[in-house]
Amino acid sequence: MAFGVFIHRSDSIYDDTPAERYQFPKQYLERARACVGDWIIYYEPRKVTGTRGYYAVAKVERIIADRTTSGMYLALIAPGSYLDFASPVPFSDEDGPIERGLLNEVGAISGRAQAAVRGLSSSDFNRIVAAGLADEKPLLPRTDLLIDEQIVREESAPLCSMRLGNAFPLSFPA
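Residues numbered from 1 in each chain as written. Predicted model: local features only at pLDDT ≥ 70, side-chain atom pairs only at ≥ 80, totals over all residues. Heavy atoms only, no water.

Peer 1: Would you mind going over the packing of aromatic side chains with me for this structure?
Peer 2: Two aromatic rings, taken as a pair, are described by how far apart their centres are and by the angle between their planes. One pass over the full model with this rule turns up ten aromatic pairs. Ring centres 6.3 Å apart and planes at 80 degrees place the aromatic pair phenylalanine 6 and tyrosine 42 in the edge-to-face group. Linking phenylalanine 6 in strand S1 (residues 3–7) with tyrosine 42 in strand S3 (residues 39–44), this pair joins segments that are 36 residues apart in sequence. Side by side, phenylalanine 6 and tyrosine 42 carry an identical accessibility label, which is buried. (Phe/Tyr/Trp six-rings, centres within 6.5 Å; stacked < 30°, edge-to-face > 60°. Helix = DSSP H or I, 4+ residues; strand = E, 2+ residues; numbered from the N terminus. Buried < 20%, exposed > 50% of the residue type's maximum accessible area, 1.4 Å probe, protein only.)

Structure representation (structure tokens):
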């Protein structure tokens, strides 16, 4: 088992549904098989207008031959494992590529960056996932973090002890 990167374009010619399956040609079969039972990160290349970079994580459940297209295979994604990142992660930052394993011996980006399916070191995986799941702008405010002394607070009473107008207390049969 190994971590991996699957390149996926929103305008892909392949029969991909990232949360369910990833279609790829035979040339990537061994690399994809190495990811079975482990996690991959989806990456949208910089050539795509408005690229998301590294944008999601998913677990590869198994690899099967694609019965609809000769010479193609499908990486089936484990149900419920696909997760979009809160913040897409760009290909590089001020320190260079986020995926350090793409650098060759002289520190330049190698041809591996073009591979649609490639292995990923655990340190690169952890760095990308941590950046992708960092939620610096949460969608909803966390009320447990806000302390506002001007909020009216009341103690609630159990329903059976409340009176409704002149009516008797509510009671329920045992």
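Peer 1: In this structure, what is going on with the pattern of salt bridges? I would like to understand it.
Peer 2: Close approach of charged atoms allows side chains with opposite charge to pair. Scanning the model with the defined rule gives five salt bridges in all. Two residues, glutamate 30 and arginine 33, come together in a salt bridge whose shortest N-O distance is 3.1 Å. Pair noted here: glutamate 30 and arginine 33 are both in helix H1 (residues 29–33), with a separation of three residues, about one helical turn. Owing to a relative accessible area of 45%, arginine 33 belongs among the partly exposed residues under this scheme. The closest approach of N and O atoms between glutamate 99 and arginine 118, which form a salt bridge, is 2.8 Å. Here the residue glutamate 99 occupies a position in the loop between strand S8 (96–97) and strand S9 (117–120), and arginine 118 occupies one in strand S9, the gap between them amounting to 19 residues. With a relative accessible area of 1%, glutamate 99 lands in the buried category. Here the residues in one salt-bridge network are Asp15, Glu20 and Arg21, joined through shared partners. (Salt bridge = Lys/Arg side-chain N within 4 Å of Asp/Glu carboxyl O.)

Limitation: the analysis is restricted to geometry and does not speak to function.
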